[in-house]
Amino acid sequence: MKISLTEFVTLDGVSQGPGSPDEDTSEGFTQGGWLVPHMDGTFVQRASDWLDLADGLLLGRRTYEAFARDWPKVTDPDDPFAERMNSLPKYVVSNTLTEGIWQPATVLKGDPLRTVAELKSRPGRELQIHGSARLGEALLSAGLVDVVRLVVAPTVLRTGRRLLTGPGGPSGLRLLRHEATPKGLLLLEYETTGRAAVGEYQGLSEFVQR
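What you see is a predicted model, and the numbers here were worked out from it, not measured in a lab.

Undergrad: Would you mind showing me how to read the sheet that holds strand S6 (residues 147-153) here?
TA: Consider a sheet: its strands pair through backbone hydrogen bonds, and that pairing is either parallel or antiparallel. With respect to topology, 8 strands assemble into an open sheet ordered S4-S3-S2-S5-S1-S6-S8-S7, the strand pairing being mixed. Since the sheet does not close on itself, it has two edges, and those belong to strand S4 (105-108) and strand S7 (171-180), each with one partner. When strand polarity is set aside, the average angle formed by the axes of neighbouring strands in this sheet is 25°. By the bridge criterion, 4 bridges tie strand S3 (residues 90-93) to S4 in an arrangement that is parallel. The residue of S4 that forms the bridge with Val92 is Val107. Sheet strands in contact with helix H2 (residues 61-70) are strand S2 (54-60), S3, S4 and strand S5 (126-130), and its direction is about 115° off that of S2.

Undergrad: I would appreciate a short explanation of unusual backbone geometry in the present structure.
TA: Glycine aside, a negative phi is what most residues show, and trans is what most peptide bonds show. The linkage connecting Gln103 with the following residue, Pro104, adopts the cis geometry, with an omega of -5°. With respect to the helices, strands and loops of the structure, Pro104 is situated in the loop between S3 and S4. With a phi angle near 60°, Glu27 is a residue other than glycine that sits in the positive phi range. Locating Glu27 in the fold gives a position in the loop between strand S1 (2-10) and helix H1 (41-51). Notably, Arg158 is not glycine yet its phi reads approximately 65°, a positive angle. Counting through the fold element by element, Arg158 comes out in the loop between S6 and S7.

Undergrad: Is there a simple way to explain the packing of aromatic side chains in this structure?
TA: Geometrically, a pair of aromatic rings is defined through the distance of the ring centres and the angle of the planes. For the structure shown, the criterion picks out 3 aromatic pairs. Relative to Phe43, the ring of Phe8 has its centre 5.8 Å away and its plane inclined at 70°; by these criteria the two rings are edge-to-face. With a gap of 35 residues between them, Phe8 in strand S1 and Phe43 in helix H1 connect regions that are remote in the sequence. According to the relative accessible area criterion, Phe43 is buried, its value standing at 4%. Ring geometry for Tyr64 versus Trp102: centroids 6.0 Å apart, planes at 40°, classification tilted. Of this pair, Tyr64 sits in helix H2 while Trp102 sits in the loop between S3 and S4, placing them 38 residues apart in sequence. A relative accessible area of 1% means that Tyr64 is categorised as buried. Residue classification places Trp102 among the buried residues on the basis of a relative accessible area of 4%.

Undergrad: Please clarify how the nonpolar core should be interpreted in this entry.
TA: Within soluble globular proteins, side chains that are nonpolar generally end up buried alongside one another. Among the nonpolar cores identified, the biggest contains 28 residues, and Met85 and Trp102 are the most heavily contacted of them. Those elements that place two or more of their residues in this core are H1, S2, H2, helix H3 (82-87) and S6. Sorting elements by how many residues they give to this core places H1 first, with 4 residues. Among all residues touching Trp102, those that are not within four sequence positions of it are Leu57, Leu59, Tyr64, Phe67, Ala68, Trp71, Pro72, Met85, Asn86 and Lys90. Within the second largest apolar cluster, 24 residues are counted, among which are Leu5, Leu108, Leu127 and Leu150.

Analysis parameters
Every chain is numbered on its own, with residues counted from 1 as its sequence reads. Where totals are concerned, whole chains, interfaces and linings use all residues; where local detail is concerned, this predicted model gives features only for residues with pLDDT of at least 70, and gives and counts side-chain atom pairs only at 80 or more. Calculation of side-chain values draws on the structure's entire complement of heavy atoms; hydrogens and water are dropped beforehand. Each pair of strands is called paired provided DSSP finds at least two bridges between the two strands. Secondary structure elements are taken from DSSP: a helix is a run of H or I of four residues or more, a strand is a run of E of two residues or more, and numbering for both begins at the N terminus. Fitted lines through C-alpha atoms serve as axes, helices being fitted only where they are in contact, and the angles separating the N-to-C directions of these axes extend from 0 to 180 degrees. Working rule for contacts: check all heavy atoms of both residues, and any pair within 4.5 Å makes them a contact. The rule is short: rings of Phe, Tyr and Trp, with Trp giving its six-membered ring, pair when the centres are within 6.5 Å, and they are stacked under 30 degrees, edge-to-face over 60, tilted in between. Exposure classes here rest on a 1.4 Å probe applied to the protein chains alone. A residue is buried below 20% of its type maximum, exposed above 50%, and partly exposed in between. Nonpolar core, defined: a set of buried Ala, Val, Leu, Ile, Met, Phe, Trp, Tyr and Cys residues in which side-chain atoms within 4.5 Å join the residues together.

In structure tokens form, the structure reads like this:
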């Protein structure tokens, strides 16, 4: 299976609390809910298309517990995500959680890189990371993420937990698709290419000739 990482971020890279003011107030964060004013039908359709590719969800403990609290309460039969989110297999990377209350769920104990690599070796389409930024960052740094999908909101917060700021080497990406929604979200899809390339600028002529 491929592993995909989907994250909502502000223009300055904050990924904390996109959905509501009280979604994640850790470390005194008070600016949650920044994605919601920019959501529109185009965003919802693309996010639904991405979820169609999932054979399972790969989550860290904090995100799993937040989703377990919220998603079972969504009972609207017309909601484009709830039925799939609630029914897809969940794989939770945690050494403190004993069992999952949001089923079907499997708790992955031990070294997360080893357990996730074993899952990745199985046949299937995508294991999707939603939220779980720390888990996604660790797996991207270890070369286990195949696809990165970013939804970039036209917002600058200057505070909050940012995406992809932890330890690890530089990661290279190749842009596959991009789209701007009517309300200004940028939808970016990348494939990973290993270690990020570097070069030295020696004038414009080499770029013009390409």
